[in-house]
Amino acid sequence: MTNEIDKTPKRIRWADMTWRDYVRIGFGVFFFLLGLAGLVLPILQGILFLIVSAILLAPYSLWVQKQLARLEEKFPWLSEKARGVAARWSGKKPADE
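About the cut-offs
Residues numbered from 1 in each chain as written. Predicted model: local features only at pLDDT ≥ 70, side-chain atom pairs only at ≥ 80, totals over all residues. Heavy atoms only, no water. pLDDT = per-residue confidence, 0-100. Helix = DSSP H or I, 4+ residues; strand = E, 2+ residues; numbered from the N terminus. Buried < 20%, exposed > 50% of the residue type's maximum accessible area, 1.4 Å probe, protein only. Contact = heavy atoms within 4.5 Å. Phe/Tyr/Trp six-rings, centres within 6.5 Å; stacked < 30°, edge-to-face > 60°.

Overall, the prediction assigns the chain a mean pLDDT of 79, with 80% of residues at 70 or greater. Of all helices and strands in the chain, the one with the weakest mean pLDDT is helix 4 (residues 76–90) (80), whereas helix 1 (residues 19–40) scores best (91).

Quick look at the structure:
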């Protein structure tokens, strides 16, 4: 039986953030600026940096959370694969075990 995940986007309040959240946002903004520069400069890979910044900033954006929920409904197999990779990276067991 599959656990149903709450699909409603959650906003993280500034008062609830830890130093890790601030570092993650800082890196996300840094990669976003690199991505913008990379769209103009031929030396940098702009799209790659924009994708990395989107991944880093996703938990802090309601719009990105809604898009991810929509894509999970459309491509459930890809969602399960991504959860497995994330579980391996974090050292936690997948939710269905």
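Turning next to the side chain of Ser 53. Here Ser 53 is to be found in helix 2 (residues 46–57). When its relative accessible area of 3% is taken as the criterion, Ser 53 is described as buried. Setting aside residues up to four positions removed in sequence, Ser 53 forms contacts with Gly 28, Phe 31 and Phe 32.

A separate point is the packing of aromatic side chains. Tallied over the full model, the rule gives two aromatic pairs. For the ring pair Phe 31 and Phe 49, a centre distance of 5.9 Å and an interplane angle of 15° mean the geometry is stacked. Taken together, the positions of Phe 31 in helix 1 and Phe 49 in helix 2 put the pair 18 residues apart, joining distant regions of the chain. Three or more aromatic residues joined by ring pairs make a cluster, and in this case those are Phe 30, Phe 31 and Phe 49.

Along the chain, Asp 21 turns up in helix 1. In this structure, Asp 21 is in contact with Asp 16 and Tyr 60, ignoring residues within four places of it in sequence.

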